[in-house]
Number of protein chains: 2
Amino acid sequence: MSPLRVAIVGFGKIARDQHVPAIAATDGVELVAVASRNASLPGVAHAATLDELLSDGPPIDAVALCTPPQVRHAQAATALAAGKHVMLEKPPGATVAEINPLVSAATTAQRTLFATWHSRFAPAVEPARQLLAGRKVTAIKITWKEDVRVWHPGQAWIFEPGGLGVFDPGINALSILTRILPQPLFVTSAELAFPANREAPIAARLALSDAQGLKITAEFDFRQTGPQSWDIDLDTDGGPVTLSMGGARLRAAGTQLVDAADAEYAGLYRRFRELAATGESDVDLAPLQLVADAFLLGRRRTVEPYEDEP
Amino acid sequence: MSPLRVAIVGFGKIARDQHVPAIAATDGVELVAVASRNASLPGVAHAATLDELLSDGPPIDAVALCTPPQVRHAQAATALAAGKHVMLEKPPGATVAEINPLVSAATTAQRTLFATWHSRFAPAVEPARQLLAGRKVTAIKITWKEDVRVWHPGQAWIFEPGGLGVFDPGINALSILTRILPQPLFVTSAELAFPANREAPIAARLALSDAQGLKITAEFDFRQTGPQSWDIDLDTDGGPVTLSMGGARLRAAGTQLVDAADAEYAGLYRRFRELAATGESDVDLAPLQLVADAFLLGRRRTVEPYEDEP
């Protein structure tokens, strides 16, 4: 089978740090172009925009949209209309409702729309899902605290409307949570801390539940200096279970079950290749729905202004 | 067929003004009880809570939940588990995701879950839908401005988290819009004005679109004194079309096509009776999804504090 020829659209931090090495490491996937106004990659064809890429660039089968979520919808619609498979970085869009017309467009065009959740491809997530399938979960605590200055330098869009603020990493936790539990979850309360000078929250505290009244709490904070936390602690009828390091480690009843190196994006590209072979789509909006609901229901609090330089 | 025995849960303004007379005016539906901590209706059985109603009240087939959206989910789950059909006032809940488990519960229990949108039963809505089905719509302007002090006296919950603020009436416009147009819509930008002392917006300005780039604007304002506006103006290839008075009037190309008295809630109860006869559900979350997306994407602005007394 000939390789899937991919163009990356939007060449910021996530594209350089994750997509380029993941494509290089994945058989059957090839990076043939980059579309970006400001950046390029030596040795790879370059276009300033998606439109220019589609009209003047090398032949491609697929695009990976690594642009900010606010502009991704129009790009995805354009790419699908041009007959390309589309991979959406997370979150899949700036709203939930904008995704459904894209799903329809992909179906009509018989092309793949892949709304990715990279954290679901962390090595301990599938083992955790299988472990929990045989247990009763009685409580869950999510702690997702990272230093925005370390992890999101120069990403001003993250604090713009639609940029999600601290939910940009927090949605990773929600994507794992909605993968390892089989039942639908919903937000029951939310408190959102907005910096006085920004349009998206820098911290959030959620309570979630399911139809059986399961108690889930989530603390998201972008102001964490020193040790960083990407942990999901579950109480189960078989003892405590902890997913840590963003899904890289799994510990149950005192035993380390998984501790593996990150290979999330390689997993994404293997899946994208698989989907594109048949034109099937993979779109799960549950994590973004929980975030939208947190904004809908949230109690807002104004906190001190955030500046990139402390 | 024996009548559908309904209990109203939550006996505030909407229950007294609309549900009681609509039930009285609808054949095959009977009001047999009211559950409310603070209010009762002479000649009708009374319980303080839903639980008390279910354990000690008269036999009922169905409940109409007229409580604020923040508490409706738990009540709906309880009523469905007790084998009752459930009518949800709008909005159907405080979040989008909380509704899906209720749909599943209704299916399991073979009972009706009816998420109502009363404005869809306004007399000009169905004629407007049919008129537009044969036309190309090129632009839409929604103007929904009412005086919160006149229409929502004492409803403090409306400015609480989950109370929607100006989207409580605004969602009526969105429920009409998503009914008269066949295609899926989504929010492309939103500006939300929050009073400094409140948790929900008092005004909002939205832009929406569809997969074809249709331009839709919506202006919602709770601070409107004097003339009130509940209008949807559409430009079409057959000339302008206006739905006004919240869907009571339809005018196209200078001709008044519909101008009828309000009978929205009688329509709701006829539909509820119909659904309950077979246990079918009717749940469309599109209007609430648009509101959640507006909160998710919205640029927030703080405006002067709102007090019930000007």
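Along each chain, the written sequence defines residue order, and numbers are assigned to residues from 1. Whichever chain is written first is A, and whichever ligand is written first is 1; the rest continue in order. At least 70 in pLDDT is required for a residue's local features to be given in this predicted model, at least 80 for side-chain atom pairs to be given and counted, and no such filter applies to totals for whole chains, interfaces and linings, which use all residues. No hydrogens and no water enter the side-chain calculation; it runs on all heavy atoms of the structure.

Going by an unreviewed UniProt entry, chain A carries the name Gfo/Idh/MocA family oxidoreductase and comes from Bradyrhizobium australiense.

1. Considerations on the pattern of salt bridges
One speaks of a salt bridge when a side-chain nitrogen belonging to Lys or Arg is within 4 Å of a carboxyl oxygen belonging to Asp or Glu. Taken as a whole, this structure holds 28 salt bridges over all chains when the rule is applied. Residue E219 of chain A is joined to R205 of chain A by a salt bridge in which the shortest nitrogen-to-oxygen separation is 3.5 Å. A residue pair is termed long-range when its members are at least 10 positions apart, and E219 of chain A in strand β10 (residues 215-221) and R205 of chain A in strand β9 (residues 203-209) qualify at 14 residues. According to the relative accessible area criterion, E219 of chain A is partly exposed, its value standing at 28%. A relative accessible area of 48% places R205 of chain A in the partly exposed class. A salt bridge links R271 of chain B to D282 of chain B; its shortest N-O distance comes to 3.0 Å. Placement of R271 of chain B in helix α8 (residues 264-278) and of D282 of chain B in the loop between α8 and α9 (286-297) is noted, with a sequence separation of eleven residues between them. Each residue's exposure class comes from its accessible area (1.4 Å probe, protein chains only) as a fraction of the maximum for that residue type: buried when under 20%, exposed when over 50%, partly exposed otherwise. Look at R271 of chain B and you get partly exposed, because its relative accessible area is 22%. For D282 of chain B, a relative accessible area of 22% translates into the label partly exposed. One continuous salt-bridge network, built from bridges that share partners, spans E126, R129 and R179 of chain A. Counting from the N terminus, the helices are DSSP H or I runs at least four residues long and the strands are E runs at least two residues long.

2. A word on the sheet that holds strand β5 (residues 85-88) of chain A
All names here are of chain A. Strand pairing follows a simple DSSP-based rule, namely that at least 2 bridges must link the two strands. Strands sit in the order β3-β2-β1-β4-β5-β6 across an open sheet of six strands; the sheet is parallel. Pairing within the sheet leaves two strands with one partner each, and these edge strands are β3 (45-47) and β6 (113-115). For this sheet, the mean inter-axis angle between neighbouring strands, taken without regard to orientation, is 25 degrees. Bridge count between strand β1 (residues 4-9) and strand β4 (residues 62-65): four bridges; the pairing is parallel. By the bridge assignment, V9 is partnered in β4 with L65. Comment: axis = line fitted to C-alpha atoms, over the contacting stretch for helices; angle = value between 0 and 180 degrees taken between N-to-C directions.

3. Quick notes on the relation of the copies chain B and chain A
What sets the superposition is a least-squares fit of C-alpha atoms, and only residues with pLDDT of at least 70 in both copies go into it. Mapping chain B onto chain A leaves a residual RMSD of 0.0 Å; the transformation is a rotation of 180 degrees accompanied by 0.0 Å of translation along its axis. Both chain copies can therefore be described as sitting about a two-fold axis. Residues count as neighbours in contact if any of their non-hydrogen atoms are within 4.5 Å of one another. Here 100% of the interface residues in chain B have copies in chain A that are interface residues too; the copies meet face to matching face.

4. What about the domain arrangement of chain A?
Residue and element names in this part refer to chain A. Just so you know, the domain bounds were taken from an automatic or database domain assignment. Domain boundaries assigned for chain A yield domain 1 (4-115) and domain 2 (119-261 + 292-303). Once you take the C-alpha centre of each, domain 1 and domain 2 turn out to be 27 Å apart. Contacts between the two partners involve eight residues from domain 1, matched on the other side by 15 residues from domain 2. Buried area, as used here, totals the accessible surface that two parts lose on assembly, with accessibility defined by a 1.4 Å probe and the loss added over both. When domain 1 packs against domain 2, the two sides together hide about 800 Å² of surface, and 64% of this comes from carbon and sulfur. Considering only the side of domain 1, the residues that lose the most area to domain 2 are K13, Q70 and K90, jointly responsible for 54% of the buried surface there. Across the domain 1-domain 2 interface, the total number found is one salt bridge. Where D168 meets K90, a salt bridge forms, and the shortest distance between an N and an O atom there is 3.6 Å. Here a polar contact is recorded for every N or O atom pair within 3.5 Å, except that within protein the pair must consist of a potential hydrogen donor and a potential acceptor, and residues adjacent in sequence are included only if both atoms are side-chain atoms. Linking domain 1 with domain 2 are four residue pairs in polar contact (both at pLDDT 80 or more), by the criterion used here.

5. A short note on empty space enclosed by the protein
A 1.4 Å probe that fits but cannot get out identifies a cavity on a 1 Å grid over protein atoms alone, an open set with protein on both sides within 12 Å along at least five of seven lines counts as a pocket, and a residue lines either if it has an atom within 4 Å of a point. Grid points are joined across faces, edges and corners, and a volume is the space filled by probe spheres set on the points. Applying the stated criterion to the full structure yields two cavities of 30 Å³ or more. In this model, the largest cavity occupies a volume close to 90 Å³. Contributing to the lining of the largest cavity are 14 residues, with F295 and R300 of chain A together with F194, F295 and R300 of chain B lying nearest its centre. Those elements giving two or more residues to the lining of the largest cavity turn out to be β8 (186-195) and α9 (286-297) of chain A together with β8 (186-195) and α9 of chain B. Taken together, the residues of the lining of the largest cavity break down into eight nonpolar, two polar and four charged. Computed from the structure, the second largest cavity encloses a volume of approximately 30 Å³. Along its surface, the second largest cavity is lined by E160, P161, G162, G163, L164, E199, A200 and F295 of chain A together with L296, L297 and G298 of chain B. When residues are grouped by polarity, Ala, Val, Leu, Ile, Met, Phe, Trp, Tyr, Cys and Pro land in nonpolar, Asp, Glu, Lys and Arg in charged, and all others, Gly among them, in polar. The residue inventory of the lining of the second largest cavity, partitioned by class, reads six nonpolar, three polar and two charged.

6. Looking at the interface of chain B and chain A
Counting residues at the interface gives 31 residues for chain B and 31 residues for chain A. Summed over both partners, the interface of chain B with chain A buries about 2700 Å², with 62% contributed by carbon and sulfur atoms. Of all residues in chain B, F186, L296 and R300 of chain B give up the largest surface area on contact with chain A, accounting jointly for 26% of the area buried on that side. Counting across the interface, chain B meets chain A through four salt bridges. In this structure, E199 of chain B and R299 of chain A form a salt bridge, with 3.8 Å as the shortest nitrogen-oxygen distance. Run the count over chain B and chain A and you get ten residue pairs in polar contact (both at pLDDT 80 or more). For the side of chain B that touches chain A, the secondary-structure elements that each account for two or more residues are β8, α9 and β15 (299-303) of chain B. With nine residues, α9 of chain B is the largest single contributor of residues to the side of chain B that touches chain A.

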